[in-house]
Amino acid sequence: MRVTNIVHILGFLQIFLAVSLLLPLPFSLYYGGGDHNAFLISAGITIVVGFIAFRSTKLSGEVRAREGFAIVTLGWVSFSLFGCLPFLISGQIPSFTDAFFETMSGFTTTGATILPDIERLPHGILFWRSFTHWLGGMGIIVLSLAILPFLGVGGMQLFKAEVPGPVPDKLKPRVTETAKILWGVYMGISGIETLLLLIGGMDLFEALCHTFGTMATGGFSTKNASIGHYDSAYIEYVITFFMLAAGTSFALHYRALRGEVRAYLRSHEFRLFLGLLAGATLLIGGGLFLHHEGALEPAFRMAVFQVASILTTTGYGTADFERWSVTAQMILFGFMFIGGCAGSTGGGMKVARLLVLVNFGRVEVKRLLHPRGVIPIRIGETVVPRDVAMNILGFLVLMLLLFFAGVLAFSLLGYDWITSFGAIAATLGNIGPGFGMVGPTDNYAHVPILGKWM
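Below, the structure is looked at part by part. (Residues numbered from 1 in each chain as written. Predicted model: local features only at pLDDT ≥ 70, side-chain atom pairs only at ≥ 80, totals over all residues. Heavy atoms only, no water.)

1. Notes on the overall build of the chain
Thinking step 1. Regarding its fold elements, the chain presents 21 helices and 2 strands.
Thinking step 2. At 22 Å, the chain has a C-alpha radius of gyration in line with the 22 Å of a compact globule built from 454 residues.
Thinking step 3. With the principal axes as the frame, the chain shows a C-alpha extent of 65 × 60 × 50 Å.
Thinking step 4. The buried share of the chain, reckoned over its 454 residues, is 57%.
Thinking step 5. Counting only contacts in the chain whose residues sit at least 6 apart along the sequence, the fraction spanning at least 24 positions is 67%.
Thinking step 6. Just so you have it, the chain exposes about 19300 Å², and 67% of that area is on carbon and sulfur atoms. (Helix = DSSP H or I, 4+ residues; strand = E, 2+ residues; numbered from the N terminus. Rg over C-alpha atoms; globule rule 2.2 N^0.38 Å. Buried < 20%, exposed > 50% of the residue type's maximum accessible area, 1.4 Å probe, protein only. Contact = heavy atoms within 4.5 Å. Areas by Shrake-Rupley, 256 points an atom, 1.4 Å probe, with all protein chains shown as cover.)

2. Things to note about the nonpolar core
Thinking step 1. Formed by 126 residues in total, the largest nonpolar core has its most connected members in I284, W324, F335 and Y444.
Thinking step 2. At 9 residues, helix 16 (residues 296-311) tops the list of elements feeding residues into this core. (Core = buried A, V, L, I, M, F, W, Y, C linked by side-chain atoms within 4.5 Å.)

3. Quick notes on the packing of helix 12 (residues 233-246) against helix 16
Thinking step 1. As a packed pair, helix 12 and helix 16 sit with axes 9 Å apart at the nearest point and diverge in direction by 35 degrees. Of the two possible hands of crossing, helix 12 and helix 16 adopt the one that is left-handed. Residues A233, E236, Y237, I239, T240, M243 and L244 of helix 12 touch helix 16, and the partners they reach there are E297, F300, R301, V304, F305, A308 and S309.
Thinking step 2. Of the residues contributing to the contact of helix 12 with helix 16, the split by class is 9 nonpolar, 2 polar and 3 charged. (Axes fitted to C-alpha atoms, helices over the stretch in contact; angles between N-to-C directions. Left-handed = near helix turned anticlockwise from the far one by under 90°. Nonpolar A, V, L, I, M, F, W, Y, C, P; charged D, E, K, R; others polar.)

4. Describing the environment of V356
Thinking step 1. Mapped onto the fold, V356 is located in helix 18 (residues 351-369).
Thinking step 2. It is 7.9 Å that separates the C-alpha atoms of V356 and I392, two residues lying 36 residues apart in sequence.
Thinking step 3. Not counting residues within four places of it along the chain, the set of residues in contact with V356 comprises I379, V384, A389 and I392.

5. Some thoughts on the side chain of Q92
Thinking step 1. Positionally, Q92 belongs in the loop between helix 5 (85-90) and helix 6 (96-107).
Thinking step 2. Only 3.1 Å separates the side chain of Q92 from the side chain of R120, close enough to count as a polar contact. (Polar contact = N/O pair within 3.5 Å; in protein donor to acceptor, adjacent residues only side chain to side chain.)

6. Some thoughts on the environment of L198
Thinking step 1. Relative to the helices and strands, L198 resides in helix 10 (residues 175-199).
Thinking step 2. Other than its neighbours up to four places away in sequence, L198 contacts D203, L204 and A207.

7. A closer look at the pattern of salt bridges
Thinking step 1. Here the structure, examined in full by the defined rule, presents 9 salt bridges.
Thinking step 2. In this structure, E297 and R301 form a salt bridge, with 2.9 Å as the shortest nitrogen-oxygen distance. In this pair, E297 and R301 are both assigned in helix 16, 4 residues apart and thus about one turn of the helix distant.
Thinking step 3. Of the residues examined, E297 reaches a relative accessible area of 35% and is grouped as partly exposed.
Thinking step 4. Given the relative accessible area of 14%, R301 is considered buried. (Salt bridge = Lys/Arg side-chain N within 4 Å of Asp/Glu carboxyl O.)

8. A word on helix 13 (residues 250-257)
Thinking step 1. Of all 8 residues in helix 13, 6 are buried, a share of seventy percent or more.
Thinking step 2. For helix 13, the full list of buried residues reads F250, A251, L252, H253, Y254 and A256.
Thinking step 3. For helix 13, the N-terminal capping position is held by S249, with its side-chain oxygen 3.2 Å away from the main-chain nitrogen of A251.

9. Some details on the state of the cysteines
Thinking step 1. Tallying each qualifying case throughout the model produces 0 disulfides.
Thinking step 2. The closest cysteine sulfur to the non-disulfide-bonded C84 is located on C209, 19 Å from its own sulfur.
Thinking step 3. Given a relative accessible area of 0%, C84 falls into the buried group. (Disulfide = S-S within 2.5 Å.)

10. Here we look at the packing of helix 18 against helix 19 (residues 386-411)
Thinking step 1. Between helix 18 and helix 19, the least distance of the axes is 10 Å, while the angle of their chain directions is 115 degrees. Judged by the angle between their axes, helix 18 and helix 19 are roughly perpendicular. At the point where helix 18 passes helix 19, the crossing takes the left-handed sense. Within the contact between the two elements, helix 18 uses R353, V356, L357, F360, E364 and R367 and helix 19 uses R386, A389, M390, I392, L393, F395 and L396.
Thinking step 2. A per-class count over the contact of helix 18 with helix 19 returns 9 nonpolar, no polar and 4 charged. (Parallel < 35°, antiparallel > 145°, perpendicular 65-115°, else oblique.)

11. Some thoughts on the packing of aromatic side chains
Geometrically, a pair of aromatic rings is defined through the distance of the ring centres and the angle of the planes.
Thinking step 1. The full count for this structure, using the stated rule, is 33 aromatic pairs.
Thinking step 2. Both rings, one in F321 and one in F435, keep their centres 5.3 Å apart while their planes meet at 65 degrees; by these two values the pair is edge-to-face. On the criterion of sequence distance, the pair formed by F321 in the loop between helix 16 and helix 17 (326-338) and F435 in the loop between helix 20 (417-428) and helix 21 (449-453) is long-range, its members being 114 residues apart. The same class applies to F321 and to F435, which are both buried.
Thinking step 3. Between F403 and F421 the ring centres are 5.5 Å apart and the planes differ by 65 degrees, which places this aromatic pair in the edge-to-face class. On the criterion of sequence distance, the pair formed by F403 in helix 19 and F421 in helix 20 is long-range, its members being 18 residues apart.
Thinking step 4. Since its relative accessible area comes to 2%, F403 is described here as buried.
Thinking step 5. Looking at F421, the relative accessible area reads 27%, which means it is partly exposed.
Thinking step 6. When the ring centre of F220 is taken as origin, the NZ or CZ atom of R129, which lies over that ring, is 3.8 Å away.
Thinking step 7. The ring of F395 is capped by R353, whose NZ or CZ atom sits 4.0 Å from the centre of that ring. (Phe/Tyr/Trp six-rings, centres within 6.5 Å; stacked < 30°, edge-to-face > 60°. Lys NZ or Arg CZ within 6 Å of the ring centre and 35° of its normal.)

Scope: geometric values only; no functional claims are made or implied.
Right under this line is the structure:
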């Protein structure tokens, strides 16, 4: 790997981050939270470091595959390292471990928090906390590809390393054009949601923060009770719709905007995504109606909101799902591993990989019965190359190994199995709230330092 290429591009990303750190200033000054100096100092430190890294190095040829993965990985780390400065400098989160945890949780759109009382934070800090979601949601690297033309040289390696699907979906021949389209759709849908939340009674600050959390499938709220604070059916349905939009491939949204509305129906992944949502909503909603709520609409609304929140890995909450039936909790736990569609802002394994694995398993059973048969792996009319299916199988094995190793390590800190399973599943899948002591009504403040870094 050529270190100069990595440092050069990371330097540019730091300059971009420094500019982003100035965006909370209007809210900080308007609400008089006294946190504006923290953002000015943080932006100053970040831009100096970024400028030195950017100017002291030069790109040398195309970015290679290894360099692409290094840039993406170190990009998340460096953004979280400098992005946590406002929390530290303002004194709102004085512990470096806690500040880094909260920032990494924001940029990776996990939504796990160490804050026991969110509403005590000044508005500037809250805006930045939610804005980290929005930046990380579509991908910082994808954004850099859109606004920095020279990254088009070897930009495909960064695109492959960042876009979370089995195969990157290029909408245009040039990667930079694809990145611009994806971010354009992302910004447009975000604007529509903000407007609808304003109509629902939120002020601009709350509407923006909750849009950031929804479109990025992050889940940070400005309220301790999350979306349940508003007790509004309208707001819950609006956020449910946009959680599903964010969990759907943005390539499908782009094609729909170009008049190909049937692209949604032709997508086997999207149909499975909706099928999982509908099936889980009927099962959980029916159970709530019979045993808890006693009214059809509230039971349906509560079920579809929470199922959408977990399936898309958003993590918003309107109810304590740990009080629901064991069946409902098992469904939600399983959904933590699936996540949204490939090319969405959702976390998890992705529905596309699940679809390929199911068909791969079906084909392998047929091969046992017909050893000499030539049986391709198909998703509709599309033939999936065997090496792609094997890569996905390897991805699943690695994910499960990380999960069980994480559960074992977390349990050594003294936590019970339910909490250990819930915490690792919720953070590995970028959901946020888990089960047990990190459930929907709890947080990660009690986790010891080693556990937070884990």
